Amino acid sequence: MTYQEKKSIVSLISATLIFVSYCLYMYPQYPEEGLESIETFRYLGSFVLILTLVSIVAHIIISIIFNIVFRITTREKEPKFADELDKLIELKAFRNSFFVFILGFLIAMGSLIIYQPLQVMFIILIISGFISDVTGSITKFYHYRRGV
Amino acid sequence: MGKNLVGNHIRKLRFNHDEMTQQQLADKVGVTRQTIVALEKGNYSPSLELAFRIAHAFNLPLEEVFFYGDNTKV
């Protein structure tokens, strides 16, 4: 398995672990006030913001650890640059990821049209963000494995 | 994916050129080793520029490194 394939798998697993563990950590803190209270919106806003920051920092740390482990186990240096194949796969992954997020965004807006609570819209947006991240990693893995 | 119609003789040419490694060829043409692997496996059709760079690395014209058509017929 190549460096990029392993990196895609690590990225997929770490994204899932970060999201699930963060949700498990934040769920007990869900405010008990009414569904439309300011406290609930503050909670959802901070949920998205902190998740974004935690996710970025965790991805960087996991990437560094992965590179160290990769060097030790394979005695091979990771590629220092992205060539045309990497860029092409990156673009395809971004396209699919973006498509999934936009789909989630439209569903979230649709939930408002059919009179769903605002929390539903937030939850759909958060989940679509996670699924779009996962889609990007799966697309990268698929194309590195099966070709472009 | 089974749709790449651009084949190549890179693997054979590497061995004919002092058993050049994939990493050596990758360094010569400015791509990663994984891209050479993908090219040899037929999982990727290179850009015209990369194709010329690879042909140049072997000191051969383009058509002696790459061919167009079904792999089974060549």
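Residues numbered from 1 in each chain as written. Chains lettered and ligands numbered in written order. Predicted model: local features only at pLDDT ≥ 70, side-chain atom pairs only at ≥ 80, totals over all residues. Heavy atoms only, no water.

Under the annotation held in an unreviewed UniProt entry, chain B carries the name Helix-turn-helix transcriptional regulator and is attributed to Cytobacillus dafuensis.

Looking up chain A in an unreviewed UniProt entry gives the name DUF2178 domain-containing protein, with the organism given as Cytobacillus dafuensis.

All names here are of chain B. In this structure, D18 takes a positive phi of about 55° despite not being glycine. Tracing the backbone shows D18 in the loop between α1 (10–16) and α2 (22–29). Look at E19: it is not a glycine, yet its phi comes out positive at around 50°. For E19, the location among the structural elements is in the loop between α1 and α2. Taking the relative accessible area as the measure of exposure, E19 reaches 56% and is therefore exposed. (Helix = DSSP H or I, 4+ residues; strand = E, 2+ residues; numbered from the N terminus. Buried < 20%, exposed > 50% of the residue type's maximum accessible area, 1.4 Å probe, protein only.)

This brings us to the UniProt feature "transmembrane region" (unreviewed entry) in chain A. All names here are of chain A. Feature annotation in UniProt places "transmembrane region" (unreviewed entry) on residues 9–27, 47–70, 97–115 and 121–142, given in this structure's numbering. Across residues 9–27, helical content stands at 95% and strand content at 0%; the span's end C-alpha atoms are separated by 27 Å. End-to-end, the C-alpha atoms of residues 47–70 are 33 Å apart, and along that stretch the chain is 100% helix and 0% strand. (UniProt positions renumbered as here; feature names shortened; annotations may be inferred.)

The subject of this paragraph is the nonpolar core. Of all hydrophobic cores here, the largest spans 23 residues; its most connected members are I10, L25, V29, I54, F58 and V65 of chain B. Secondary-structure elements contributing two or more residues to this core are α3 (84–113) of chain A together with α1, α2, α3 (33–40) and α4 (48–57) of chain B. Here the element with the most residues in this core is α4 of chain B; it accounts for 5 residues. Among all residues touching I10 of chain B, those that are not within four sequence positions of it are L25, L39, E40, I54, F58, V65 and F66 of chain B. The next biggest cluster of nonpolar side chains, apart from the first, holds 10 residues, and it includes F19, Y43, L51 and I126 of chain A. (Core = buried A, V, L, I, M, F, W, Y, C linked by side-chain atoms within 4.5 Å. Contact = heavy atoms within 4.5 Å.)

By rolling a water-sized probe across the atoms, one finds the places where empty space is left. Summed over all chains, the structure comprises 1 cavity of 30 Å³ or more. Taken as a whole, the largest cavity spans an internal volume of roughly 100 Å³. For the lining of the largest cavity, the secondary-structure elements that each account for two or more residues are α3 and α4 (118–146) of chain A together with α3 of chain B. Counting residues per element, the lining of the largest cavity draws most heavily on α3 of chain B, which supplies 3 residues. Here the residues of the lining of the largest cavity sort into 6 nonpolar, 5 polar and 2 charged. (1 Å grid on protein atoms, 1.4 Å probe; cavity = no way out; pocket = protein on both sides within 12 Å on 5 of 7 lines; lining within 4 Å. Points joined across faces, edges and corners; volume = space filled by probe spheres on them. Nonpolar A, V, L, I, M, F, W, Y, C, P; charged D, E, K, R; others polar.)

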